[in-house]
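# Fold and geometry: a report
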Amino acid sequence: MELFIYIFAAVFSVLNPLGAVPIFVGLTQHDSKSERSRTSLWTAINVFIILIISFFIGEYVLKFFGISIDALRIAGGLVIVSSGFALLSGNLGKKRGVNKKVASDAQKRNDIALTPLAIPMLAGPGSISLLIAFYQDYPDYTDKAIVCGAILAVALAIFIILHSAHYLSRILGASGIVAISRIIGFIVIAIGVQYISSSVVNIFKTI
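Numbering of residues begins from 1 in every chain and follows the order in which that chain's sequence is written. Note on the predicted model: pLDDT of at least 70 is required for a residue's local features to be given, and 80 or more for side-chain atom pairs to be given and counted; whole-chain, interface and lining totals, by contrast, use all residues. Computation of side-chain values covers all heavy atoms of the structure but excludes hydrogens and water.

## Focus on the UniProt feature "transmembrane region" (unreviewed entry) in the protein chain
UniProt positions are given in the numbering used here, feature names are shortened, and annotations may be inferred rather than shown by experiment. In this structure's numbering, the residues bearing the UniProt feature "transmembrane region" (unreviewed entry) are residues 6-27, 39-62, 74-92, 113-135, 141-162 and 174-196. A run of DSSP states H or I qualifies as a helix once it reaches four residues; a run of E qualifies as a strand once it reaches two. Both are numbered from the N-terminal end. Span residues 6-27 is 77% helix and 0% strand, its end C-alpha atoms 32 Å apart. Helix makes up 100% of residues 39-62 and strand 0%, and the two end C-alpha atoms of the span are 32 Å apart.

Written out as structure tokens, the structure reads:
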């Protein structure tokens, strides 16, 4: 249970679906309730598929390109720390590749569940590298099943949050969402720093 909570908290913090609420509201403001529900459902499904594929296939991609797990953790840690600072400064949309041009283009398309919502807004490089590292950290099949369960729980949380996005936006307001995102930002930075520091220690041990 402790592993499930740890994985869920880490992945949820890095993805930060609450930070996607204002963008989701903006992109679906002219949609009907059923269309918003469909978009939120397919966004969650797409994120789940992307994260599961990253978790199981990522290690083999690293081996193909000759990238060590410690190098991935450092690179991923830098991306995660960058996302954390973006949460603190309120520039998360720009950091994740969602600028005005992308948002304007998304308004003209029927399906925004895959891009820009699932990629790059939610399942970005930080979360993908995190899950690749988890695959190395938890080789036992039982642990892998727990990680998959935690990813499924995160996807469910994403659906619930996006499905309630317009309601949350009215209740919390822009300032409330920013405040929560900044708190999550501290956690995200800590996760990134932890991955970088542990990888640096491992590299020096092997020298």
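Moving on from the coordinates now.
## Here's the deal with the pattern of salt bridges
Just to be clear on terms, a salt bridge is a Lys or Arg side-chain nitrogen sitting within 4 Å of an Asp or Glu carboxyl oxygen. Using the criterion set out here, one finds three salt bridges in the structure. Between Lys-63 and Glu-59 there is a salt bridge, with its nearest N and O atoms 3.6 Å apart. Remark: Glu-59 and Lys-63 occur in helix α3 (residues 33-65); sequence separation between them is four residues, near one turn of the helix. One salt bridge connects Arg-73 with Asp-70, and the closest N-O pair in it is separated by 3.8 Å. Residue Arg-73 and its partner Asp-70 are both found in helix α4 (residues 69-89); the two are separated by three residues, about one turn of the helix. Residue exposure (1.4 Å probe, protein chains only): buried if accessible area is under 20% of the type maximum, exposed if over 50%, otherwise partly exposed. Judged by its relative accessible area of 11%, Arg-73 is buried. Among the ionic contacts, a cluster of salt bridges with common partners joins Asp-70, Arg-73 and Asp-137.

## What to know about the nonpolar core
Nonpolar side chains in soluble globular proteins tend to be buried together. Val-11, Leu-130 and Phe-134 are the most contacted members of the largest nonpolar core, which totals 53 residues. Per element, the largest residue contribution to this core is nine residues, and it comes from helix α9 (residues 141-163). Excluding residues that lie within four positions of it along the chain, Val-11 makes contacts with Leu-51, Leu-130, Leu-131, Phe-134 and Val-154. Throughout this description, the term nonpolar core refers to a set of buried Ala, Val, Leu, Ile, Met, Phe, Trp, Tyr and Cys residues connected via side-chain atoms within 4.5 Å. Any two residues whose heavy atoms approach within 4.5 Å are treated as being in contact.

## Examining α3
In an α-helix, one full turn covers 3.6 residues, which means residues spaced three or four apart are oriented alike. With 33 residues, α3 ought to run about 48 Å at 1.5 Å a step, and its terminal C-alpha atoms sit 45 Å apart, in line with that. The seven residues ending at a residue and the seven starting there each receive a fitted axis; the angle between those axes is the bend at that residue. If you look at α3, its biggest bend is around 50°, right at Ile-57. Once α3 ends, the next one or two residues include Gly-66, with phi positive near 70°. One less than the number of residues in a helix, times 1.5 Å, gives the span that helix is expected to have.

## Thoughts on a nonpolar patch on the surface
Surface patches are defined over residues having more than 30% relative accessible area and no salt bridge, joining like charges when they lie within 9 Å and nonpolar side chains (Val, Leu, Ile, Met, Phe, Trp, Tyr) when within 5 Å. Calculation of accessible area relied on Shrake-Rupley with a 1.4 Å probe; when residues are assessed, cover is drawn exclusively from the protein chains displayed. A cluster of nonpolar residues, Ile-49, Ile-53, Phe-56, Ile-57, Val-61, Phe-64, Phe-65 and Ile-67, forms a patch on the protein surface that exposes about 790 Å² of accessible area. With respect to the secondary-structure elements, Val-61 resides in helix α3. Using a relative accessible area of 41% as the deciding quantity, one classes Val-61 as partly exposed.

## A short note on the packing of aromatic side chains
Pairing of aromatic rings covers Phe, Tyr and Trp, the last counted by its six-membered ring, and requires centre-to-centre distances within 6.5 Å; plane angles under 30 degrees mean stacked, over 60 mean edge-to-face, and any other angle means tilted. Throughout the structure, instances matching the rule amount to nine aromatic pairs. Relative to Phe-134, the ring of Tyr-6 has its centre 6.1 Å away and its plane inclined at 65°; by these criteria the two rings are edge-to-face. Taken together, the residues span a long stretch of sequence, with Tyr-6 in helix α1 (residues 2-15) and Phe-134 in helix α8 (residues 125-137) at a distance of 128 residues. You can call Tyr-6 partly exposed: its relative accessible area is 41%. Phe-134 sits in the buried class, given a relative accessible area of 0%. Between Phe-55 and Phe-56, the aromatic rings sit 4.9 Å apart at their centres with planes inclined by 75°, giving edge-to-face as the arrangement. Counting every residue linked through ring pairs, the aromatic cluster contains Tyr-6, Phe-134, Tyr-138 and Tyr-195. The lysine or arginine in question, Lys-144, covers the ring of Tyr-135, its NZ or CZ lying 4.1 Å from the ring centre. Charge-over-ring placement is defined geometrically: NZ (Lys) or CZ (Arg) within 6 Å of the ring centre, and within 35 degrees of the ring normal.

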